[in-house]
Amino acid sequence: MDKIILITGGTGLIGTQLSKLLFDNGYEVRILSRSKNSLQNKNYEYYHWNIATKEIDISALKNVHYIIHLAGAGIADKRWTTARKKHILDSRVNGATLLLETLEQINHRPLKFIAASGIGFYGARTNTTIFKENTSPHNDFLGNTCKLWEQSSLTFKEAGIPTTILRTGIVLSKKGGALEKLCQTFKFRFASALGSGQQYMPWIHIDDLCRIYLRTITDIEFTGIYNAVAPAHVTNNEFTKALLRFHKNSVQLPNVPSSILKPLLGNMSAMVLQGSRVSSDKLENTGFKFQYNSLKKALEDLIK
Ligand SMILES: NC(=O)c1ccc[n+]([C@@H]2O[C@H](COP(=O)([O-])OP(=O)(O)OC[C@H]3O[C@@H](n4cnc5c(N)ncnc54)[C@H](OP(=O)(O)O)[C@@H]3O)[C@@H](O)[C@H]2O)c1
C-alpha cells in the first residue's frame, strides 16, 4: 500500500479528525505545522514550516505519497481588515507554492495533491441558484480568495500531480468550529436566526467530510473539484429551528437584524447574512453516500 500522507494544518478541526481516520486505516501520517511544540500525538510525525519566511523541513516531503493541504489562517477568526484579508489569502496560496517548490527541489512527485477550498467561492449572496462546480467564482472577498486558493492548488495539476479540491461547506463537529458558535446563545436559553434568515447554510458533518478525504486517497481516479456539502439545503431560519429542537429549555427570539450584525462584524457579516444552495450532485454521482444526509441526523449525532 502507498501509505505516507502529509497533512498541512493537520492540527486543526478537520485535520485532527482526518489524521485519526487515516492512521486508523493504516496510513503513516505526517503533520506539517507552524508550531515546533505542537501537541505531540505519538501516532504521527511532526514537521515544522514557516510560510512567511519560506522555511520548511524538507524531510516532511521525502517519499510522501499524498499531500493534503488544509493550512490557512482562520477565515472567521478576526475582522476582515486589509491586512487580515491578505493574511487569509497568503497563508493558503504561499503555503501551496512553498510545497510545490520544495517538491521540485527534491525532485519528488507524490501520487496526489488534495486541497481544501470553500463554498465562499460562490460568493456571499442569497438567490435561487443551486451552485454547481462549473460556476464562475463570485467577485467578492471570499469568491476571489477561493479562486486564487484553487488556482494555487491547480499548479500541482499543471506539474503533473493528480489533484483534488474539496469546496467545503460549514463543517459540523462536536469539537468546536461553526456548531459551537451557533450553540453559544443556548447558554442563555435562547436562539435567534440572523438577518432575513432566508440565507442558505450549506453544511457537512465532519465524519462525511473525512470519508470524502479518505476516498481521495483510496480512489486515484477521484480528481477534480467537488462541492463537499450535504445534499439537504437548509436556510438559517430552518437551521435555528433545528437547533432549538435539541435545546428544549430554550426559546426562539426574533431574528437579529442585519443592522446590528453589520457594525459588529464589519464586512465579515456577509458570511452569516448571505448564502445560497450548493449542489452535492457531482460528488454523489461518483457513488459517494452521505452517512448524514439530513441536518436532523447530523445534529442527533453531534448534540448530546
Ligand atoms: N471548518 C470549516 O467549516 C471549513 C469550511 C470550509 C473550508 N474550510 C477550510 O478547510 C481548511 C481546514 O479547516 P479547519 O476548520 O480544520 O481549520 P482550523 O481548525 O482553523 O485549522 C487550520 C490549521 O491551519 C494552520 N494555520 C492556522 N493559521 C495559519 C497561518 N496563518 N499560516 C499557516 N497555517 C496556519 C494551523 O495549524 P498549525 O498551527 O499546526 O500550523 C491550523 O490548525 C481551512 O483551509 C479552511 O479554510 C473549513
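Residues numbered from 1 in each chain as written. Predicted model: local features only at pLDDT ≥ 70, side-chain atom pairs only at ≥ 80, totals over all residues. Heavy atoms only, no water.

Draft legend 1. Molecular detail of the overall build of the chain. The number of helices and strands found in the chain is ten helices and 14 strands. Radius of gyration (C-alpha) of the chain: 19 Å, near the 19 Å computed for a compact globule of 304 residues. A buried classification covers 50% of the 304 residues belonging to the chain. Long-range contacts, defined here as pairs at least 24 residues apart, represent 77% of the contacts in the chain between residues at least 6 apart. (Helix = DSSP H or I, 4+ residues; strand = E, 2+ residues; numbered from the N terminus. Rg over C-alpha atoms; globule rule 2.2 N^0.38 Å. Buried < 20%, exposed > 50% of the residue type's maximum accessible area, 1.4 Å probe, protein only. Contact = heavy atoms within 4.5 Å.)

Draft legend 2. Just the site of the ligand, in detail. The environment of the ligand is made up of 23 residues, and the closest members are Thr 11, Leu 13, Ile 14, Ser 33 and Arg 34. Within the side chain of Thr 11, a nitrogen or oxygen atom sits 2.6 Å from an oxygen atom of the ligand. For the ligand, the protein covers 81% of the area, taking 880 Å² as the surface of the free molecule. Mapped onto the shell around the ligand, the elements with two or more residues apiece are α1 (13-24), α2 (82-106), β6 (112-118) and β9 (170-172). (Near = heavy atom within 4 Å. Polar contact = N/O pair within 3.5 Å; in protein donor to acceptor, adjacent residues only side chain to side chain. Areas by Shrake-Rupley, 256 points an atom, 1.4 Å probe, with all protein chains shown as cover.)

Draft legend 3. Focus on the packing of α1 against helix α5 (residues 206-218). At their nearest, the axes of α1 and α5 sit 10 Å apart, and the two run at 55° to each other. With respect to α5, the axis of α1 lies oblique. Relative to α5, α1 is oriented so that their crossing is right-handed. Only Ile 206, Asp 207, Leu 209, Cys 210, Arg 211, Tyr 213, Leu 214 and Ile 217 of α5 make contact with α1, whose side of the interface consists of Leu 13, Ile 14, Gln 17, Leu 18, Leu 21 and Leu 22. Across the contact of α1 with α5, the residue classes tally to eleven nonpolar, one polar and two charged. (Axes fitted to C-alpha atoms, helices over the stretch in contact; angles between N-to-C directions. Parallel < 35°, antiparallel > 145°, perpendicular 65-115°, else oblique. Left-handed = near helix turned anticlockwise from the far one by under 90°. Nonpolar A, V, L, I, M, F, W, Y, C, P; charged D, E, K, R; others polar.)

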